[in-house]
Amino acid sequence: MSLIHPAAHYRPYTSASGGWGSAHAVMNILWREQALFSTPAALLKQNKPKGFACVSCAWAKPGNPHALEFCENGAKATAWELTSSKTSPAFFEEHTLTELRDWTDYALEQHGRLTHPLRYDAETDRYRPTTWEQAFAGIGEQLKALSPDEVVFYASGRASLETSFMYQLFARAYGTNNLPDSSNMCHESTSVGLQESIGVPVGTVTLADFEHTDCIFFFGQNVGSNSPRMLHPLQEARKRHVPIITFNPIRERGLERFVNPQSPVEMVGPESTVISTQYHQVAIGGDMAAVMGMVKALLAMDRSAIERQTEPVLDHGFIAEHTDGFEEFVAEVERHSWEALERRAGLSRGAMEAAATVYARSERVMVIYGMGMTQHRHGVENVQMLVNLLLLRGNIGKTGAGICPVRGHSNVQGQRTVGITEDPAKVPVDKIESLFGFKVPQRKGLATVDSCEAMLDGSVKGFIGLGGNFLRAIPDTHRMEPAWAGLTLNVQVATKLNRSHLLPGKQAWLLPCLGRIELDCQEGVEQVYSTEDSTGCIHGWQGRAAPASDQLRSETAIIAGIAQATLDGSERVPWDAWRRDYAQIRAAIAQVYPEIFHDMETRMWAPGGFHRPLAAAQRQWKTETGKARFITARHLDEDDDVSSGDGARDVIQLMTLRSNDQFNTTVYGYNDRFRGVHGTRSVVFMNRNDVVRLGFAAGDWVRLRTAVEPEVRREVGPMQIIVYDIPEGCAAAYYPECNPLVPLWHYAERSKVPAAKSVPVTLHATLPDTQAQARAVPLQDQVI
Ligand SMILES: Nc1nc2c(c(=O)[nH]1)N[C@H]1C(S)=C(S)[C@@H](COP(=O)(O)OP(=O)(O)OC[C@H]3O[C@@H](n4cnc5c(=O)[nH]c(N)nc54)[C@H](O)[C@@H]3O)O[C@H]1N2
Ligand SMILES: Nc1nc2c(c(=O)[nH]1)N[C@H]1C(S)=C(S)[C@@H](COP(=O)(O)OP(=O)(O)OC[C@H]3O[C@@H](n4cnc5c(=O)[nH]c(N)nc54)[C@H](O)[C@@H]3O)O[C@H]1N2
Ligand SMILES: [Mo]
């Protein structure tokens, strides 16, 4: 497979995020995807009332949107979906799956939209066209032959509330709670952590809070690439002189400076907005120590204020009335010396005190965070530590304050709300049973990591994928691939071809669905959908573009088809009526979850949608003790697989990241503009001292090897070293290429989120292969 790439190079990026670079990137992808005619019209409808909800991130959609309410990456996602390229049955005539397995993630998806239902033919090693009716009948037959707990029903977080509700109902009527979803690899640490601490599994901040906040903290989230529309409320906040304090091992451009690409004045002027007023390059996994340091400083300030008989720094009234666990928490913080905290955080005492001082002066503080917190061995404690910080000054349940996890997929939060979970205790079982006339299985099902383990030990034999790219998203790629290929049944509902489709198992179907941007007409009637964003706000939307092929079916119709071919009809779910009229699905959702979804049919069209009720935002704490809880982490280390210190000086902590040119496993291109990388993804970002100390030089080729469980060889490469502004002992490289390095068992305690941000690795000299050589970064570019 030959692909022409612009010459690879590395040149530190000096401009702000947004600006002309962003406008240029949008034009580029529209041109490349030949989507110049369809996409600009579509973009005008993006995130608008009666338009479509962006397929990219889950950031909130304002009630009074900008004329162009989309960002560079949302535009890329739209162009990628509306591409005029097609992956039709003729394509599969030309290529066997064995051959396609050598293609890159980029090349597979870039080839275009899937157009026909396909079934794998083992004899010719090809996907062959089939009819929908044959596909449903064949899948139904396979599902009936398996026992329900041998099958897993995965959902990537894009499917609408309507589709997700139907999907979980189907899995449960079939007889299993095996409902893993992408949030198991993402914000499950949030769902577990916040539920224990404040009694809700989601964040408490809404868009309106941005207008009232007087201080924002940012931990481990790359806003410029992964939720760029949030840069607008951040910019507004900065115009009000709101301090923004960032903790991130690397200096992400979107967190430094921003030019609004939709503002003509800013685009021509020299001014950009400084986003972060303090930027702390914390060591990977050092946040718990950094926050402890801040708390230690706050406790000292509070004591001296009380001695001086001035206003205390902590909100003692709030702490006494609303919380428990405070004394134990204080004792734990005081147990750690400043030296220990400085060493672990990789920050000076002064830096932690500076952050604490601004916190202490502010009345309405928000904490925003992402994967840099959740994807660690102690991801749950990380989240809880952020809550602890907020509770000290009553910063939850007041306007302009609160906790703000930035969710990933556009409906990942909503899927959970309508029952996609492996835990039947989290769904209203009684209501489902009485409304739909079947018994919800009682046995807890499998989440993502459990599903992988069960594939390895052979107890899971069937997989249904509602979107996503499971095999590429999960850890331990090289161990998982053979298990995946050994499945009896593999059904994938998708818009584009990806690696999960290329190791098909015994019986496999690849079912092409409508994308979100496309018009969904059922028997002549245009259908609308709904989703829940990262701030718990529920919106209606509608696809508008002409579908990529007349063979595509909606996800809703596909689930209905499979359900009808599988179940015996004794369940009282009107699959066919639901397929014809999604308002009926919404009515059922409202019956099962009335407190959230009552009168949904009208409320979802209110400007900005409607908010689900959140007890914590009203200072009602639905926790075990009825209080908001200070939960004390048992240790400072976020990764206890390899003890830091002199014994393991050759071990580097690797974080696996997204570039600015990808959406998860979807690689739009080989540029990571803000980080200065062009034309390649085969790089590892390292601290200069580590590079030299370990005997390497900038531009050298290395293989990365996982430094735990040496009996299993986990290795990737060749990759080129880029000397980068990152703390000593830390390195970064791209996801999903580095997933083979993450052991399946290396996950966050309790949430089981793979610890993709702290993988202990060693480096080994190697030579580039021809593919890598073609994308080598010239050495002179490395001089920084
Ligand atoms: N364009 C685009 N948008 C996306 C996505 C995409 O791939 N592309 N993906 C979507 C999805 S599903 C998700 S979950 C989100 C992901 O969005 P993010 O949460 O931003 O995820 P990552 O890109 O993995 O980057 C995590 C950030 O955490 C920092 N970090 C890593 N380790 C640590 C640490 O130990 N401490 C601290 N303080 N920081 C750390 C990294 O430097 C990086 O800036 O974005 C969503 N939006
Ligand atoms: N090492 C490492 N691993 C990670 C992460 C990390 O930071 N580091 N991040 C984790 C996170 S946060 C997440 S969320 C997961 C992502 O895991 P997934 O959600 O499983 O993966 P995606 O890459 O988002 O899925 C892309 C595929 O979705 C399909 N698709 C796109 N649009 C639609 C649609 O409208 N309908 C349907 N049915 N299919 C569609 C396309 O075929 C496309 O190939 O990866 C996780 N894995
Ligand atoms: Mo995610």
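Calculation criteria
- By convention here, each chain's residues receive numbers from 1 onward along its written sequence.
- Chain A is the first chain written and ligand 1 is the first ligand written, with later ones labelled in order.
- It should be noted that, the model being predicted, local features are given only for residues of pLDDT at least 70 and side-chain atom pairs only at 80 or more, the latter also being counted only at that level, while totals for whole chains, interfaces and linings use all residues.
- In computing side-chain properties, one takes all heavy atoms of the structure into account and sets aside hydrogens as well as water.
- Secondary structure is summarised from DSSP: a helix means a run of H or I of at least four residues, a strand means a run of E of at least two, and numbering begins at the N terminus for each.
- Computation of the radius of gyration draws on C-alpha atoms alone. For the globule rule, the value is 2.2 Å times the number of residues to the power 0.38.
- A 1.4 Å probe rolled over the protein chains alone gives each residue an accessible area, and that area as a share of the maximum for its type sets the label: buried under 20%, exposed over 50%, partly exposed in between.
- Contact between two residues is taken to exist if any of their heavy atoms lie within 4.5 Å; hydrogens are not considered.
- Only the protein chains shown count as cover for residues, and all accessible areas are computed by the Shrake-Rupley method using a 1.4 Å probe.
- Counted as positive: Lys and Arg. Counted as negative: Asp and Glu. His and the chain ends are not counted at all.
- Taken as the charge location is NZ of Lys, CZ of Arg, CG of Asp or CD of Glu.
- The nearness test applies per residue and asks whether one of its heavy atoms lies within 4 Å of the molecule or strand.
- Polar contacts, as used here, are pairs of N or O atoms within 3.5 Å; protein pairs need one atom able to donate a hydrogen and one able to accept it. Residues neighboring in sequence count only if both atoms are side-chain atoms.
- Here the term charged refers only to Asp, Glu, Lys and Arg, the term nonpolar to Ala, Val, Leu, Ile, Met, Phe, Trp, Tyr, Cys and Pro, and the term polar to all other amino acids, Gly among them.
- What counts as a domain boundary in this text is fixed by an automatic or database domain assignment.
- Think of each axis as a best-fit line through the C-alpha atoms, taken over the contacting stretch in the case of a helix, with angles from 0 to 180 degrees between the N-to-C directions.
- Convention used here: angles under 35 degrees read as roughly parallel, angles over 145 as roughly antiparallel, angles from 65 to 115 as roughly perpendicular, and any remaining angle as oblique.
- Here is the rule for handedness: rotate from the far helix to the near one, and if that takes an anticlockwise turn smaller than a right angle the crossing is left-handed, while a clockwise turn gives right-handed.
- The quantity reported as buried area is the accessible area (1.4 Å probe) lost by two parts once they are put together, taken as the sum for both.
- Any Lys or Arg side-chain nitrogen found within 4 Å of a carboxyl oxygen on Asp or Glu counts as a salt bridge.
- Two strands qualify as a pair provided DSSP detects at least 2 bridges between them.
- A pocket here means an open set of points on a 1 Å grid, computed over the protein atoms alone, that has protein on both sides within 12 Å along at least five of seven lines. A cavity is instead a set of points where a 1.4 Å probe fits but cannot get out; residues with an atom within 4 Å of a point line either one.
- Grid points are joined across faces, edges and corners, and a volume is the space filled by probe spheres set on the points.
- Take the buried residues of types Ala, Val, Leu, Ile, Met, Phe, Trp, Tyr and Cys, join any two whose side-chain atoms come within 4.5 Å, and each joined set is a nonpolar core.

K.L.:
I tried to follow the overall build of the protein on my own but got confused; where do I start?
P.N.:
Of the regular secondary structure elements, the protein holds 33 helices and 33 strands. Over its C-alpha atoms the protein spans a radius of gyration of 25 Å, differing by no more than 12% from the 28 Å that the globule rule assigns to 784 residues. For the protein, the spread of C-alpha atoms along the three principal axes comes to 80 × 60 × 55 Å. Across the 784 residues of the protein, 66% fall into the buried class. Contacts spanning at least 24 positions in sequence make up 80% of the contacts within the protein whose residues lie at least 6 apart. Looking at the protein as shown, the accessible area adds up to about 27,400 Å², and 52% of this sits on carbon and sulfur atoms. Distance from the positive charge centre (77 side chains) to the negative charge centre (90 side chains) of the protein: 2 Å.

K.L.:
Help me understand the site of ligand 2 in this model?
P.N.:
Within the structure, ligand 2 sits among 31 residues, and Glu109, Tyr154, Glu555, Thr665 and Tyr735 are positioned closest to it. Interatomic distance of 2.6 Å between a side-chain N/O atom of Tyr154 and an oxygen atom of ligand 2. When the free accessible area of ligand 2 is taken as 930 Å², the share hidden by the protein chains comes to 96%. Here the residues of the shell around ligand 2 are counted per class, giving eleven nonpolar, 14 polar and six charged. The two domains that each donate at least three residues to the shell around ligand 2 are domain 1 (86-185 + 411-607) and domain 3 (652-781).

K.L.:
Please clarify how the site of ligand 1 should be interpreted in this entry.
P.N.:
Around ligand 1 lies a shell of 30 residues, among which Asn248, Glu252, Asp287, Gln662 and Asn664 are the nearest. Between a nitrogen atom of ligand 1 and a side-chain N or O atom of Asp287, the distance comes to 2.6 Å. At 2.7 Å from a nitrogen atom of ligand 1 is found a main-chain nitrogen or oxygen belonging to Gln662. Going through the elements one at a time, helix H11 (223-226), helix H20 (371-374), strand E25 (652-657) and strand E26 (662-663) are the ones with two or more residues in the shell around ligand 1.

K.L.:
What am I meant to see in the packing of helix H7 (residues 132-145) against helix H27 (residues 555-566) here?
P.N.:
Angle between the axes and distance between the axes: these two values describe a pair of packed helices. The contact between H7 and H27 brings their axes to 8 Å, and the two run at 50°. The orientation of H7 with respect to H27, classified from their angle, is oblique. With respect to the hand of their crossing, H7 and H27 are arranged in right-handed fashion. Here H7 contributes Trp132, Phe136, Ala137, Ile139, Gly140, Leu143 and Lys144 to the contact with H27, which in turn contributes Ala557, Ile558, Gly561, Ile562, Ala565 and Thr566.

K.L.:
Just checking my understanding: could you explain the domain arrangement of the protein for this structure?
P.N.:
It is common to give the size of an interface as the accessible area that goes away when the parts come together. One can read the domain layout of the protein as domain 1 (86-185 + 411-607), domain 2 (188-406) and domain 3 (652-781). Put simply, the middle of domain 1 and the middle of domain 2, counted by C-alpha atoms, are 37 Å apart. With eight residues of domain 1 at the interface, the matching set in domain 2 holds nine residues. Buried area between domain 1 and domain 2, both sides added, is near 620 Å², and the carbon and sulfur share of it is 36%. Counting every contact that joins domain 1 to domain 2 gives one salt bridge. Linking domain 1 to domain 2 there are four residue pairs in polar contact (both at pLDDT 80 or more). The class makeup of the residues in the side of domain 1 that touches domain 2 is one nonpolar, five polar and two charged.

K.L.:
Looking at this model, I keep getting lost on the pairing of strand E7 (residues 151-155). Mind explaining?
P.N.:
Regular strands place their side chains on alternate faces of the sheet. Counting buried positions over the five residues of E7 gives five, a clear majority of the element. Burial along E7 is two-sided: the face carrying Val151, Phe153 and Ala155 and the face carrying Val152 and Tyr154 are both buried. Pairing analysis gives five bridges linking E7 to strand E16 (residues 462-466), with the strands arranged parallel. Bridge assignment links Phe153 to a residue of E16, and that residue is Ile464.

K.L.:
So what exactly am I meant to see when it comes to the environment of Val573 here?
P.N.:
If you trace the backbone, Val573 turns up in the loop between H27 and helix H28 (575-580). According to the relative accessible area criterion, Val573 is buried, its value standing at 7%. The spacing of Val573 and Pro504 is 69 residues in sequence and 31 Å in space, taken between C-alpha atoms. Sequence-distant contacts of Val573, defined by excluding residues within four places in its chain, comprise Leu169, Phe436, Phe438 and Trp578.

K.L.:
Honestly, the layout of surface pockets in this entry has me stumped. Any pointers?
P.N.:
If a probe as big as a water molecule is rolled over the atoms, it shows which places are left empty. One number sums up the size of the largest pocket: a volume of about 1,100 Å³. Lining the largest pocket are 39 residues, with Gln195, Val200, Pro201, Lys426 and Arg612 sitting closest to its centre. Top contributing element to the lining of the largest pocket by residue count: helix H9 (residues 188-198), with five residues. Looking at the lining of the largest pocket, its residues break down into 13 nonpolar, eleven polar and 15 charged.

K.L.:
Quick question: what am I supposed to make of the sheet that holds strand E8 (residues 215-219) here?
P.N.:
Hydrogen bonds between backbone atoms are what pair the strands of a sheet, whose relative direction is either parallel or antiparallel. Spatial ordering of the open sheet is given by E12-E9-E8-E14-E15, a layout of five strands whose pairing is parallel. Two strands in the sheet have a free side with no partner beyond their single neighbour: strand E12 (278-280) and strand E15 (402-405). Averaged over neighbouring strand pairs, the angle between their axes works out to 15° when direction is ignored. Of the strand pairs in this sheet, strand E14 (residues 365-369) and E15 are connected by four bridges, and their pairing is parallel. Note that in E15 the partner of Ile368 across the bridge is Cys404.

K.L.:
Honestly, helix H29 (residues 582-592) in this entry has me stumped. Any pointers?
P.N.:
The periodicity of an α-helix, 3.6 residues per turn, causes residues three or four positions apart to be oriented the same way. Buried within H29 are the following residues: Tyr582, Ile585, Arg586, Ala588, Ile589, Ala590 and Val592. The opening residue of H29, the one whose side-chain oxygen lies 3.1 Å from the backbone nitrogen of Ala583, is Asp581.

K.L.:
Before we go on, may I ask you to explain the nonpolar core in this structure?
P.N.:
Taken as a class, soluble globular proteins show a tendency for nonpolar side chains to be buried jointly. Of all hydrophobic cores here, the largest spans 61 residues; its most connected members are Phe165, Phe170, Phe436, Leu511 and Phe597. Ranked by residues supplied to this core, first place goes to helix H8 (residues 161-174) with nine residues. Ignoring anything within four residues of it in the chain, the contact list for Phe170 reads Leu143, Phe153, Ile559, Ile562, Ala563, Thr566, Leu567 and Trp575. Membership of the second largest hydrophobic core comes to 60 residues, among which are Val291, Ala345, Leu347 and Ala351.

K.L.:
Just checking my understanding: could you explain the sheet that holds strand E32 (residues 730-734) for this structure?
P.N.:
If you trace the six strands once around the closed barrel, you get E25-E32-E29-E31-E30-E33, paired in mixed fashion. Across this sheet, the average inter-strand angle for adjacent strands is 45°, counted without regard to direction.

K.L.:
Sorry, what's going on with the side chain of Gln720 here?
P.N.:
For Gln720, the position within the fold is in strand E31 (residues 715-723). Polar contacts involving the side chain of Gln720 include one to the main-chain carbonyl oxygen of Gly699, which spans 3.1 Å.

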